[in-house]
Amino acid sequence: MAKYIFITGGVTSSLGKGILGASLAKLLQARGYKVTIQKFDPYINVDPGTLNPYEHGECFVTEDGAETDLDLGHYERFLNINTSQANNVTTGRVYQTVINREREGGYLGKTVQVIPHITDEIKRRMTLLGQNDEYDIILTEIGGTVGDIESLPYLEAIRQIQWELSEEECIVLHLTLIPYLRAAKELKTKPTQHSVKQMAEIGLLPDVIVCRTEKPLYGELKRKIALFCNVKANSVIEAADANSIYEVPLNMMRENLDEICLDKLKLDMGKEPKMDKWNDFLSRLKNPKSTIEIGLVGKYVELQDAYKSILESFIHAGAANEVTVNVHYIHSEHLKVNQLKEKLGHLDGILVAPGFGNRGIQGKIDAIQFTRENKIPFLGICLGMQCAVIEYARNVLGYENANSTEMEEHAEHPVINMMEEQKTIKNMGGTMRLGSYECELKKDSLAHKIYGRNYINERHRHRYEFNDQYLAEFEEAGMTAVGKHPEAQLVEIVEVKDHPFFIASQFHPEYKSTVENPHPLFVSFIEAANKYAINKNAKGGVEEEVMS
Ligand code: GLN
């Protein structure tokens, strides 16, 4: 039987429940336990796939093609495991199941209500991954903050699960904020007390309280929180602000969070946590030999969370290369042709990001042209690959009116067009080409050298594809399709010859980069950018005549 750890949040959002959960899960995993972690989100969207990144950050995609909350990305990056559709549930999905069941007559004439029907469905999903013996411990993060109306059914479901199970089968961990009032020079516990009181009102008491704080919890503070929140004195944990999210597991280990939880769950301590690979990564991260400047060209650059997995992949790849990757956000919508040199000329590598729709497209295309002509290392992802193809068609093949049919339905030269199977689809949610597909690599390509394999599997999220009709012309002119889906022959990777590093993929490598397995495409891109930076410095700057 699996045991459960629920993680709730109090006082404010954005305290890092996802990172805390992933860190605790990491420590338990390092002690030899089989763990997984799931997220329940109280919004009505069936999944975050239809959400604008400005609303909720990046949409993360799992191997099995689920469009999920970005916290699942953290879970995978920390734990080095795959999550799935079952690991992310929203209120919308819960209601959809209940309403469909009601339409099928599944409730036999009963009035369908939040309690018990919605809460039953939440409970069913909360315990789903614990049904077979795959996991010892299942961590469940509840999105939002205690006190939100919309998270009430989730808290009630946890209360019921706790009532149904024995004490040592299920615990609740509450993450709160202990604000520091500068004027009074004091840390304040009152908001935490109120948040726990709100939980108590619905019959739920935390077993462990984790306190986010910018100052150490001095003196009697921990005891005070414990006393007024009714938890054991050793169960108040300090979570001081960390320089990097990757330090949090070690901070939590120092606070004995894993041991406290195991003790409450009456599980033995397992082996001493083995964190060698993690520590190795951290020491590389903290002791870089140099810094490189990378441009991230996209249209959601105002919000860091919109490109979360890409940013984390840079961190993994930077550590692998022992360099700090300094990311410059470049808003493609505001990038003017006459500013290219000023905005991009100093960069050591440029990544053009995924995206949807017309806004900011021209900026991406111009950035790619500049990158290609000035031989700056380039990595294009999804829409970034499609823009690279359009750019090549316009500026090398001479098809001035080349475009993607996403941007221009009746483009004269539709070098990117909608996939055949997408043409009849009307619904937006979950209908793209999603999740893991195989890709065959050409032997003499850069991609093959990078991966060192003939076949790879990567995750996708797109509706449009490279238009095969133009492929021969492209290849003749120097842009080659070096990765293809073995059966459908869909183009997955393009490269440009006569360029030190110009590679773009239809898939999203960023979804598969983890601390222990930094993604080879990112690692090689950063390596190429580092080489470029070293050469540039040796030459005393970029050769002026190439820059236009
Ligand atoms: N909008 C493009 C498509 O649907 C690219 C999607 C993406 O970048 N994820 O094909």
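Structure: above.
It should be emphasised that the depicted structure is a prediction, and the values quoted were computed from it without experimental measurement.

Asks: Just checking my understanding: could you explain the nonpolar core for this structure?
Replies: The nonpolar side chains of soluble globular proteins are, as a tendency, buried together. One finds I5, I137, L139, L173, V210 and L257 to be the most contacted residues of the largest nonpolar core, which totals 48 residues. Broken down by element, this core gets its largest block of residues, 8 residues, from helix α1 (residues 17-30). Discounting chain neighbours no more than four positions away, the residues touching I137 are K3, I5, L28, Y33, K34, V35, T36, L262 and L267. Counting 42 residues, the second-largest nonpolar core is a separate cluster that includes L347, L397, Y399 and Y464.

Asks: I'm lost on the sheet that holds strand β11 (residues 236-240) in this one. Help?
Replies: Neighbouring strands of a sheet are bound in pairs by backbone hydrogen bonds; such pairs are parallel or else antiparallel. Pairing is parallel in the open sheet, where 7 strands are placed in the order β5-β2-β6-β1-β7-β10-β11. A strand with exactly one partner marks an edge of an open sheet, and here the two such strands are β5 (88-90) and β11. In this sheet, neighbouring strand axes are inclined to one another by 20 degrees on average, regardless of whether the strands run parallel or antiparallel. Of the strand pairs in this sheet, strand β1 (residues 3-9) and strand β7 (residues 170-177) are connected by 6 bridges, and their pairing is parallel.

Asks: Honestly, the layout of surface pockets in this entry has me stumped. Any pointers?
Replies: Empty space left among the atoms is revealed by rolling a probe the size of a water molecule over them. In this structure, the largest pocket occupies an estimated 990 Å³ of space. Counting residues per element, the ones that place at least two in the lining of the largest pocket are α1, β2 (35-41), α2 (53-56), α3 (71-79), β10 (208-213), β11 and α9 (248-254). With 4 residues, α1 is the single largest residue contributor to the lining of the largest pocket. A class-by-class count of the residues in the lining of the largest pocket yields 16 nonpolar, 17 polar and 13 charged.

Asks: Looking at this structure, how should I read the sheet that holds strand β17 (residues 413-418)?
Replies: Spatially, 3 strands are ordered β16-β17-β20 in an open sheet, and the strand pairing comes out mixed. Looking at which strands have only one partner, the edges of the open sheet turn out to be β16 (402-404) and β20 (464-466). For this sheet, the mean inter-axis angle between neighbouring strands, taken without regard to orientation, is 30 degrees. Alignment of β17 against β20, held across 3 bridges, turns out to be antiparallel. Across the sheet, I416 pairs through a bridge with F466, a residue of β20.

Asks: Sorry if this is basic, but what is going on with a nonpolar patch on the surface here?
Replies: The grouping of Y95, I99, V114 and I115 at the surface amounts to a nonpolar patch, some 330 Å² of accessible area in total. Contributing elements (two or more residues each) for the nonpolar patch: α4 (91-103) and α5 (114-128).

Asks: Explanation requested: the state of the cysteines in the structure shown.
Replies: By definition, a disulfide links the sulfur atoms of two cysteine residues through a covalent bond. Using the criterion set out here, one finds 0 disulfides in the structure. Not engaged in a disulfide, the cysteine C211 finds its nearest cysteine sulfur in C229; these two sulfurs lie 7.9 Å apart. On the accessibility criterion, C211 (0% relative accessible area) is buried.

Asks: Honestly, helix α6 (residues 152-164) in this entry has me stumped. Any pointers?
Replies: Side chains that are three or four residues apart share a direction in an α-helix, a result of its 3.6 residues per turn. When the terminal C-alpha atoms of α6 are compared, their 18 Å separation across 13 residues agrees well with the 18 Å that a helix rising 1.5 Å per residue should span. P153, Y154, L155, E156, A157, I158, Q160 and I161 are the residues of α6 that are buried.

Asks: Which parts of the structure should I look at to understand the packing of aromatic side chains?
Replies: To describe a pair of aromatic rings, one takes the distance between the centres and the angle between the planes. Tallying each qualifying case throughout the model produces 17 aromatic pairs. Plain terms: the ring middles of F314 and F525 are 6.3 Å apart, the flat faces sit at 35 degrees to each other, and that makes the pair tilted. Of this pair, F314 sits in helix α12 (residues 308-321) while F525 sits in helix α18 (residues 520-539); the two residues are 211 residues apart in sequence, bridging distant segments of the chain. Look at F314 and you get buried, because its relative accessible area is 1%. Relative accessible area serves as the criterion here: at 0%, F525 is assigned to the buried category. Aromatic side chains Y399 and Y470 sit 5.9 Å apart centroid to centroid with 75 degrees between the ring planes, which places their arrangement in the edge-to-face category. Taken as a pair, Y399 in the loop between α15 (383-395) and β16 and Y470 in the loop between β20 and α17 (471-477) lie far apart in primary sequence, 71 residues in all. Assessed through its relative accessible area of 9%, Y470 is described here as buried. Pairwise contacts between aromatic rings join F78, Y246, W278 and F281 into one cluster. The lysine or arginine in question, K215, covers the ring of Y180, its NZ or CZ lying 4.8 Å from the ring centre. Geometry around Y437 places R433 over its ring, the cationic atom sitting 4.1 Å from the centre.

Asks: Looking at this structure, I do not really get the pattern of salt bridges. What am I missing?
Replies: For side chains bearing opposite charge, pairing can occur when the charged atoms are close. Tallied over the entire structure, the rule returns 38 salt bridges. The shortest N-O distance in the salt bridge between E102 and R103 comes to 2.7 Å. Between E492 and R433 there is a salt bridge, with the nearest N and O atoms lying 3.1 Å from each other. Of the two residues, E492 is situated in strand β22 (residues 491-496) and R433 in strand β18 (residues 433-441); the sequence distance between them amounts to 59 residues. R433 matches E492 in its accessibility class, with the two residues each being buried.

Rules used in this analysis
- Residues numbered from 1 in each chain as written.
- Predicted model: local features only at pLDDT ≥ 70, side-chain atom pairs only at ≥ 80, totals over all residues.
- Heavy atoms only, no water.
- Core = buried A, V, L, I, M, F, W, Y, C linked by side-chain atoms within 4.5 Å.
- Buried < 20%, exposed > 50% of the residue type's maximum accessible area, 1.4 Å probe, protein only.
- Helix = DSSP H or I, 4+ residues; strand = E, 2+ residues; numbered from the N terminus.
- Contact = heavy atoms within 4.5 Å.
- Pairing = 2+ DSSP bridges.
- Axes fitted to C-alpha atoms, helices over the stretch in contact; angles between N-to-C directions.
- 1 Å grid on protein atoms, 1.4 Å probe; cavity = no way out; pocket = protein on both sides within 12 Å on 5 of 7 lines; lining within 4 Å.
- Points joined across faces, edges and corners; volume = space filled by probe spheres on them.
- Nonpolar A, V, L, I, M, F, W, Y, C, P; charged D, E, K, R; others polar.
- Patch = residues over 30% accessible without salt bridge, like charges linked within 9 Å, V, L, I, M, F, W, Y side chains within 5 Å.
- Areas by Shrake-Rupley, 256 points an atom, 1.4 Å probe, with all protein chains shown as cover.
- Salt bridge = Lys/Arg side-chain N within 4 Å of Asp/Glu carboxyl O.
- Disulfide = S-S within 2.5 Å.
- Expected span 1.5 Å × (residues − 1).
- Phe/Tyr/Trp six-rings, centres within 6.5 Å; stacked < 30°, edge-to-face > 60°.
- Lys NZ or Arg CZ within 6 Å of the ring centre and 35° of its normal.

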